[in-house]
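Tertiary structure, described
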Amino acid sequence: MSNLLTLAISWEPEIRGIVVVLIAFTVLIGSVYLLLSTNMGVRLGFLTAFAALFGWMTIMGAIWWTYGIGLRGKDPSWDSVQVINGDLNQPDTNPVARDLNNGWTKLGEADSGRGQAVAAADDILQNKAKRFKAGEYLPIEVYDKGGDRWPVIFGVDFIAFFHDPHYSLVEVQPVIPTPTEPGRAPAQPQVDPTAPKTFVLMERNPGTRRRPAALITVGSAMIFALSTLALHRRDKRSTVNVSQPTSERVGAGV
């Protein structure tokens, strides 16, 4: 055991993290249980500490769930739907992207959503689809569609858990190749107007950032409710037993 602790503290960071968490958990819960058991008895002290633990986990999970912190799931991201070369009116083009006048909104240069969409499109074009390399194209326009949340009650969207599909369409075009000269800064890239355009259609994946916290909150609340119910029933039985003569109490003479 001593060798394992020495290894955990001095070498393996993963084992060290597990050991530290276990020690902290044992000290936190064990010290509370030790104090309760000396004053209330072993079984009642354990049930009280058990209920307090899951009550605390319920509060902690609710805070994590509200602010999206703590134990988190997958963050929201843009998923590739289709990479379209040339005209959007091709037969195999996804129907969502065929008409830019149907619900699409052009994002300005200062819009934060434009930068996120362009970064996601760069990853798709360079790493996943392998259509271009870095520096071979420039983003021209970015369009956005959908993504509304509901239900919205009196203008408040705190309980708007449902989402309409959210799409983004990034339009890029190759640049004119420019030779580089040693000792001089590279020329500003210019879009080649004769080159065909490329469109990247993406759909927003809302992710599961708050799911682990929600599961912790709901599960801990259920266990907390059951443990407090057990405490309540125990108190009722204790009250009845105390009010009766000693010879008639439950468990008397056993």
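Residues numbered from 1 in each chain as written. Predicted model: local features only at pLDDT ≥ 70, side-chain atom pairs only at ≥ 80, totals over all residues. Heavy atoms only, no water.

Here we come to a nonpolar patch on the surface. A surface patch of nonpolar side chains, about 730 Å² in accessible area, is lined by Trp150, Ile153, Phe154, Ile159, Phe161 and Phe162. Looking at where phenylalanine 162 falls in the secondary structure, it is placed in strand 5 (residues 162–163). Judged by its relative accessible area of 47%, phenylalanine 162 is partly exposed. (Patch = residues over 30% accessible without salt bridge, like charges linked within 9 Å, V, L, I, M, F, W, Y side chains within 5 Å. Areas by Shrake-Rupley, 256 points an atom, 1.4 Å probe, with all protein chains shown as cover. Salt bridge = Lys/Arg side-chain N within 4 Å of Asp/Glu carboxyl O. Helix = DSSP H or I, 4+ residues; strand = E, 2+ residues; numbered from the N terminus. Buried < 20%, exposed > 50% of the residue type's maximum accessible area, 1.4 Å probe, protein only.)

Moving on: the packing of aromatic side chains. Scanning all chains against the criterion turns up 5 aromatic pairs. Ring geometry for phenylalanine 132 against tyrosine 137: centres 5.1 Å apart, planes inclined by 45 degrees, an arrangement best described as tilted. The pair formed by phenylalanine 132 and tyrosine 137 is uniform in burial state, with each residue classed as buried. Taking the centre distance of 5.0 Å and the plane angle of 25 degrees together, the rings of tryptophan 150 and phenylalanine 162 count as stacked. Linking tryptophan 150 in strand 4 (residues 149–150) with phenylalanine 162 in strand 5, this pair joins segments that are 12 residues apart in sequence. Three or more aromatic residues link up through ring pairs in this structure, and these residues are Tyr33, Phe46, Phe50 and Phe54. (Phe/Tyr/Trp six-rings, centres within 6.5 Å; stacked < 30°, edge-to-face > 60°.)

Given 3.6 residues per helical turn, the α-helix brings residues three or four places apart onto the same face. In this model helix 4 (residues 112–128) runs 23 Å from its N-terminal to its C-terminal C-alpha over 17 residues, within 8% of the 24 Å that 1.5 Å per residue would give. By the burial criterion, the buried members of helix 4 are Arg114, Ala117, Val118, Ala120, Ala121, Ile124 and Leu125. In a view along the axis of helix 4, the buried residues occupy a sector of 165 degrees, so they form one face of it. Of the residues flanking the start of helix 4, the one acting as N-cap is aspartate 111, its side-chain oxygen 2.8 Å from the backbone nitrogen of glycine 113. Of the residues one or two after helix 4, lysine 130 is the one with positive phi, at around 55 degrees. (Expected span 1.5 Å × (residues − 1). Arc of directions from axis to C-beta. Polar contact = N/O pair within 3.5 Å; in protein donor to acceptor, adjacent residues only side chain to side chain.)

Moving on, we come to the sheet that holds strand 3 (residues 137–146). Across the sheet, 5 strands lie side by side as 1-7-6-3-2; this open sheet has antiparallel pairing. The sheet terminates laterally at strand 1 (77–85) and strand 2 (105–106), the two strands that pair on one side only. For strand 3 and strand 6 (residues 166–174), the ladder comprises 9 bridges, and the chain directions are antiparallel. Its bridge partner lying in strand 6, aspartate 144 is registered against serine 168. (Pairing = 2+ DSSP bridges.)

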